[in-house]
Amino acid sequence: MTKPISRRNVLAFAIAGAVSTLGTGAFAAAPERSLLPKARPDGLLKAYQKTADELIARANLGGDVGFAVADAATGVVQEGTSADLQLPPASVAKALTAAYALDVLGEGYRFRTRVLATGPIENGIVQGDLILAGGGDPILNTDALAGLAEQLKTAGVTGITGAFQIWGGALPQMMRIDATQPDHVGYNPPVSGLNLNFNRVHFEWKRAGTNYTVTMQARSSKYRPDVRVARMSVEARKAPVYVYEDRQTHDSWSVAKGALGDGGSRWLPVRKPEIYSGEVFLTLCKSFGISLPKAVAIEKLPEGASELALHQSSALPEVLKGMLKFSTNLTAEVVGLTASKTRTGQVPASLQASAAEMNRWVEERLGVTGIGLVDHSGLNEASRVSAQQMMTALSKLRHTSALKPLLKPFNLLDEKGRPIPDHPIQVAAKTGTLNFVSGLAGYVDLPDGGELVFAIFSGDLDRRAALTVDQRERPEGGKSWNRRAKRLQRELIERWGVLYTGST
């Protein structure tokens, strides 16, 4: 009995074969007799394709689906369904944020974190205050703070006569990106001009008899300093799993004992990133023989302070590439806020104000009107973008921006969910996922050298709106819905790879 061949394997094989024969009208060294009727491979494949409506119906997502695809070179639209329907873009918004930052800040931009002094160093002692001054760096980590402390040691600093101050005023300070998300999710951290470890703390627990030992650490590849700005207690309850309280001087967490098992760990958001950074820097300075008092936050930098130590981030394209690969919300908000600050000359009043400035940039720079983003990460479900708007923006950016090389490859899969190696269709795109919302937008390299630009948005907003806050981390049915949405995206791309290879 002949083993059946999967649809995706047929497509992958047949597309490659079709491309090799396009323009020749025949197969090289074709057999004299064939089990199949004679036909051009490209025509056979195109006739084989399900319609977009059939693929959407089979996905059974409920709600709405909108997509648009065009020739990247000419901008000519090839196909679309509900292309003007605006839906939440989720993290697909980060593609626009990356382009915005590249255009406004430039590829050479680096975030700077400094240590300043208000007086000279005499016999190892700073005669005045020492200031840890943030520049908004979204990827600053404990290792980088240790590097700053080591620079102070090299400069001969052992102590100070004044105060140890921390400053995060380079950007607006906010407790969280989206107030509708659960308190404990690490992808919804605070935003500040002084950020550390993506504003998260590493919570680890281990069973010790009938109780647990817990640690809260500013963990990095080299260091594991304990912190007191975020504190955890284990409570004898089953639910809720996490409870957060703002105690002004620190974050107070409790966790349900019944949810812990034998041990484990996770990252929790730190709602006081400036204090967190100051505490960790003080601990690291102590390890280098530098004595500092407890950190005090200041709202304005003093004039005339001298720079004793400097840490610079990677260049902006590298920062953005990491943001797009791991979809880090903090990075998106920080680079968006920084671009808006540079563009306007003022610190934005809020994420929404900064997003509105980016919307204006999209209209002025790309000629796309009506985009309604309310943040830079896509975490807030109130953002609205249509597939046509996103596709048009990406089409314009293809010729004016270095965005495409920063996008993550999007794998096409076989029937068992495994990436197909050397697939003739290559995709560079940004994904986006919220509960019952899924998006994908980017570029498709076709087997014949052509290129498509596309955007796909799906959303069952009624089902999403029915969720309680506690259900939002792992809603019932959310995983299977997302799996079907991703499958629809792959099937649409496979369809386009067949229909538009050799036709553009």
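Residues numbered from 1 in each chain as written. Predicted model: local features only at pLDDT ≥ 70, side-chain atom pairs only at ≥ 80, totals over all residues. Heavy atoms only, no water.

What's the story with the overall build of the chain in this structure? I'm lost.
Within the chain one finds 12 helices and 22 strands. Its C-alpha atoms put the chain at 95 × 55 × 40 Å along the principal axes. Each of the 504 residues in the chain was classed as buried or not, and the buried ones make up 52%. A fraction of 69% describes how many contacts in the chain between residues 6 or more apart in sequence connect residues 24 or more apart. Summing over all exposed atoms, the chain offers an accessible surface of approximately 22600 Å²; the carbon and sulfur share of this is 50%. Once the 58 positive and 49 negative side-chain charges of the chain are each reduced to a mean point, those two points are 6 Å apart. (Helix = DSSP H or I, 4+ residues; strand = E, 2+ residues; numbered from the N terminus. Buried < 20%, exposed > 50% of the residue type's maximum accessible area, 1.4 Å probe, protein only. Contact = heavy atoms within 4.5 Å. Areas by Shrake-Rupley, 256 points an atom, 1.4 Å probe, with all protein chains shown as cover. Lys, Arg positive; Asp, Glu negative; His and termini not counted. Charge placed at Lys NZ, Arg CZ, Asp CG, Glu CD.)

Please clarify how helix α5 (residues 142-154) should be interpreted in this entry.
For an α-helix the count is 3.6 residues per turn, leaving residues at separations of three or four pointing the same way. The end-to-end C-alpha distance of α5 is 18 Å, a good match for the 18 Å that 13 residues give at a rise of 1.5 Å each. Listing the buried residues of α5 in full gives T142, D143, A144, L145, A146, L148, A149 and L152. Looking at the packing, one finds that the buried side of α5 touches β4 (112-117), β7 (130-133), α6 (273-287) and β17 (306-312). The N-cap of α5, judged by a side-chain oxygen 3.2 Å from the amide nitrogen of D143 a few residues on, is N141. Positioned one or two residues after α5, G156 has a phi angle of 90°, which is positive. (Expected span 1.5 Å × (residues − 1). Polar contact = N/O pair within 3.5 Å; in protein donor to acceptor, adjacent residues only side chain to side chain.)

Can you walk me through the packing of helix α4 (residues 93-105) against helix α9 (residues 351-366) in this structure?
How two helices sit against one another is set out by the angle between their axes and by the gap between those axes. At a minimum axis distance of 11 Å, the contact between α4 and α9 shows a crossing angle of 75°. Between α4 and α9, the angle is such that the two are roughly perpendicular. Facing L96, T97, A99, Y100, D103 and V104 of α4, the residues of α9 in contact are E357, M358, W361 and R365. Here the contact of α4 with α9 is built from residues that sort into six nonpolar, one polar and three charged. (Axes fitted to C-alpha atoms, helices over the stretch in contact; angles between N-to-C directions. Parallel < 35°, antiparallel > 145°, perpendicular 65-115°, else oblique. Nonpolar A, V, L, I, M, F, W, Y, C, P; charged D, E, K, R; others polar.)

Any chance you could explain the packing of aromatic side chains here in plain terms?
What characterises a pair of aromatic rings is the spacing of the ring centres plus the angle enclosed by the ring planes. With the rule as written, the count across this model stands at 10 aromatic pairs. Ring geometry for F164 against F281: centres 5.9 Å apart, planes inclined by 40°, an arrangement best described as tilted. With a gap of 117 residues between them, F164 in strand β9 (residues 164-167) and F281 in helix α6 connect regions that are remote in the sequence. Between Y242 and W253, the ring centres sit 6.4 Å apart and the planes meet at 90°, which makes this aromatic pair edge-to-face. Here W253 lies in strand β14 (residues 251-256) and Y242 lies in strand β13 (residues 242-246), a separation of 11 residues in the sequence. Take Y242 and W253: they sit in the same class, and that class is buried. Members of the aromatic cluster, joined through ring pairs, are F203, W205, Y242, Y244 and W253. A cation sits over an aromatic face here: R200 above W267, 4.7 Å from the ring centre. (Phe/Tyr/Trp six-rings, centres within 6.5 Å; stacked < 30°, edge-to-face > 60°. Lys NZ or Arg CZ within 6 Å of the ring centre and 35° of its normal.)

Looking at this structure, I do not really get the pattern of salt bridges. What am I missing?
Side chains that carry opposite charge are capable of pairing whenever their charged atoms lie near each other. Going through the model one piece at a time under the given rule, you end up with 18 salt bridges. Here K404 and E451 are joined by a salt bridge, their closest N and O atoms 2.9 Å apart. Placement of the pair is K404 in the loop between α10 (387-400) and β19 (408-409) and E451 in strand β22 (residues 451-459), with a sequence separation of 47 residues. When sorted by exposure, K404 lands in the same class as E451, which is buried. Several salt bridges converge on common partners, so that one network encompasses R343, E357, R360 and E364. (Salt bridge = Lys/Arg side-chain N within 4 Å of Asp/Glu carboxyl O.)

What am I meant to see in the nonpolar core here?
Taken as a class, soluble globular proteins show a tendency for nonpolar side chains to be buried jointly. Core analysis: the biggest nonpolar cluster contains 59 residues, and L96, L320, V335, M390, L394, L397 and L403 have the highest contact counts within it. Ranked by the residues each element gives to this core, the list is headed by α4, at nine residues. In this structure, V115, L130, A146 and I166 belong to the second largest nonpolar core, which totals 44 residues. (Core = buried A, V, L, I, M, F, W, Y, C linked by side-chain atoms within 4.5 Å.)

Would you explain the confidence of the model for the chain in this entry?
Close inspection of predicted coordinates is inappropriate in any region flagged by low pLDDT. Confidence in the prediction for the chain averages 91 pLDDT; 91% of positions are at 70 or higher. Throughout residues 1-11 the model reports pLDDT below 50, and contacts reaching past four residues in sequence, or to other chains, amount to 19 contacts. In this model residues 13-40 is a low-confidence stretch, pLDDT under 50, and it forms 23 contacts with partners more than four residues away in sequence or in other chains. (pLDDT = per-residue confidence, 0-100.)

Explain helix α3 (residues 52-59) to me, please; I cannot follow it from the model alone.
All of the buried residues along α3 are A52, L55, I56 and A59. Seen end-on, α3 carries its buried residues on one side only, within an arc spanning 100°. Turned more than 90 degrees from where α3 packs its buried face, D53 and A57 sit exposed. (Arc of directions from axis to C-beta.)

Would you take a moment to explain the sheet that holds strand β6 (residues 125-126) for this structure?
Where strands meet in a sheet, backbone hydrogen bonds hold them as pairs that are either parallel or antiparallel. The mixed open sheet is built from three strands, whose spatial order is β5-β6-β8. Of all strands in the sheet, those bounded by a partner on one side alone are β5 (121-122) and β8 (159-160). Relative to β8, β6 is paired through two bridges, and the arrangement is parallel. Looking at the pairing, V126 lines up with I160 of β8. (Pairing = 2+ DSSP bridges.)

Even after reading the chapter, I still don't get the sheet that holds strand β12 (residues 230-235), so can you show me in this structure?
Pairing is mixed in the open sheet, where three strands are placed in the order β12-β14-β13. Looking at which strands have only one partner, the edges of the open sheet turn out to be β12 and β13. Going across the sheet, the axis of each strand differs from the next one's by a mean of 20°, ignoring polarity. Relative to β14, β13 is paired through five bridges, and the arrangement is antiparallel. Its bridge partner lying in β14, Y244 is registered against W253.

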